[in-house]
Amino acid sequence: MFGRGAKSSSFGDNVEKEYQDGEAIVIEGGREAEMFIIQEGSARVTKTIGGEEVELAVLGRGDFFGDMSLLESLPRSATVRALGTTRVQVIQPGGLMLKFRRDPSFAFEMLQRLSGRVRNINRILVETLEGKHGDHNNVRAEVGRAEYEFNNEHDDTT
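As the structure is a prediction and not an experimental result, all values here were calculated from the model. (Residues numbered from 1 in each chain as written. Predicted model: local features only at pLDDT ≥ 70, side-chain atom pairs only at ≥ 80, totals over all residues. Heavy atoms only, no water.)

Section: helix H2 (residues 93-102)
The complete set of buried residues in H2 reads Gly95, Leu96 and Lys99. Projected down its long axis, H2 shows its buried positions confined to an angular sector of 105°, all on one face. (Buried < 20%, exposed > 50% of the residue type's maximum accessible area, 1.4 Å probe, protein only. Helix = DSSP H or I, 4+ residues; strand = E, 2+ residues; numbered from the N terminus. Arc of directions from axis to C-beta.)

Here it is in structure tokens:
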């Protein structure tokens with residue numbers, strides 16, 4: 001579903017942009033509210049922890065990011081940069097609702113992926129509390145990785 005058959009629409013909710021290798025698509029702390037679905041290429045997700053840039057995930061075709069800023073109107077929680085030439089579909093806040101109305105299966109799949117992210121974060125939190133992650137300073141990095149892990153484990157588009 002994600003990343004398949006994207007075409008431009010008259011509602012402006014389905015705009016595509018292309019980014020070159022290393023170019024920032026979103027920057028941690030930014031106030032923009034768009035969501036992105038990777039149509040072609042890949043992107044690296046990083047977060048600054050203790051002054052160091054930590055890789056949380058590498059996302060590919062069909063993966064999405066920016067959903068938290070779009071849904072919660074909060075600053076970006078991570079930086080995402082293109083790996084090679086990367087084309088993304090840009091979804092504005094109002095465009096997301098239109099997309100849900102036109103394609104309820106899109107909404108359902110998005111909810112499944114978000115639920116999977118929460119499940120993985122909960123798993124890591126429990127493991128940390130049980131002492132399975134030796135260095136508690138790395139917990140934030142592990143939780144951040146888990147947020148994107150579900151997409152990579154259950155992606156049927158690649």
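Remarks on the nonpolar core
Of all hydrophobic cores here, the largest spans 16 residues; its most connected members are Ile25, Phe36, Val45, Phe65, Val80 and Val88. Within the residue set of this core, elements represented by two or more residues are strand S2 (24-26), strand S3 (35-49), strand S4 (52-59) and strand S6 (79-91). When sequence neighbours within four positions are dropped, the list of residues in contact with Val80 reads Glu23, Ala24, Ile25, Val26, Ala43, Arg44, Val45 and Phe65. Of all hydrophobic cores here, the second largest spans 8 residues; its members include Met35, Phe64, Leu70 and Phe106. (Core = buried A, V, L, I, M, F, W, Y, C linked by side-chain atoms within 4.5 Å. Contact = heavy atoms within 4.5 Å.)

Topic: the pattern of salt bridges
Taken as a whole and judged by the stated rule, the model has 11 salt bridges. Where Arg76 meets Glu32, a salt bridge forms, and the shortest distance between an N and an O atom there is 3.9 Å. Of the two residues, Arg76 sits in the loop between helix H1 (67-72) and S6 while Glu32 sits in the loop between S2 and S3, which places them 44 residues apart along the sequence. Taking the shortest distance from any N to any O, the salt bridge between Arg113 and Asp63 comes out at 3.6 Å. With Arg113 in helix H3 (residues 104-129) and Asp63 in the loop between S4 and strand S5 (64-65), this residue pair connects regions lying 50 residues apart in the sequence. Asp63 matches Arg113 in its accessibility class, with the two residues each being buried. Ionic contacts of the salt-bridge type, sharing partners, join the residues Glu16, Glu40 and Arg87 into one network. (Salt bridge = Lys/Arg side-chain N within 4 Å of Asp/Glu carboxyl O.)

Looking at H3
Compared with the 38 Å implied by 1.5 Å per residue over 26 residues, the 38 Å span of H3 between its first and last C-alpha is a close match. Among the residues making up H3, those that are buried are Phe106, Ala107, Glu109, Met110, Arg113, Gly116, Arg117, Asn120, Ile124 and Thr128. Of the residues trailing H3, Gly131 is marked for its positive phi of about 85°. (Expected span 1.5 Å × (residues − 1).)

Overview of the packing of aromatic side chains
One pass over the structure, following the stated rule, counts 2 aromatic pairs. Measuring from centroid to centroid gives 5.2 Å for Phe36 and Phe65, while their planes differ by 15°, and the two rings are stacked. On the criterion of sequence distance, the pair formed by Phe36 in strand S3 and Phe65 in strand S5 is long-range, its members being 29 residues apart. Both residues of the pair, Phe36 and Phe65, belong to the buried class. On the numbers, 5.9 Å between centres and 40° between planes, the contact of Phe100 with Phe106 is tilted. Judged by relative accessible area, which is 22%, Phe100 ranks as partly exposed. The ring of Phe106 carries Lys99 above its face, with NZ or CZ at 4.9 Å from the centroid. (Phe/Tyr/Trp six-rings, centres within 6.5 Å; stacked < 30°, edge-to-face > 60°. Lys NZ or Arg CZ within 6 Å of the ring centre and 35° of its normal.)

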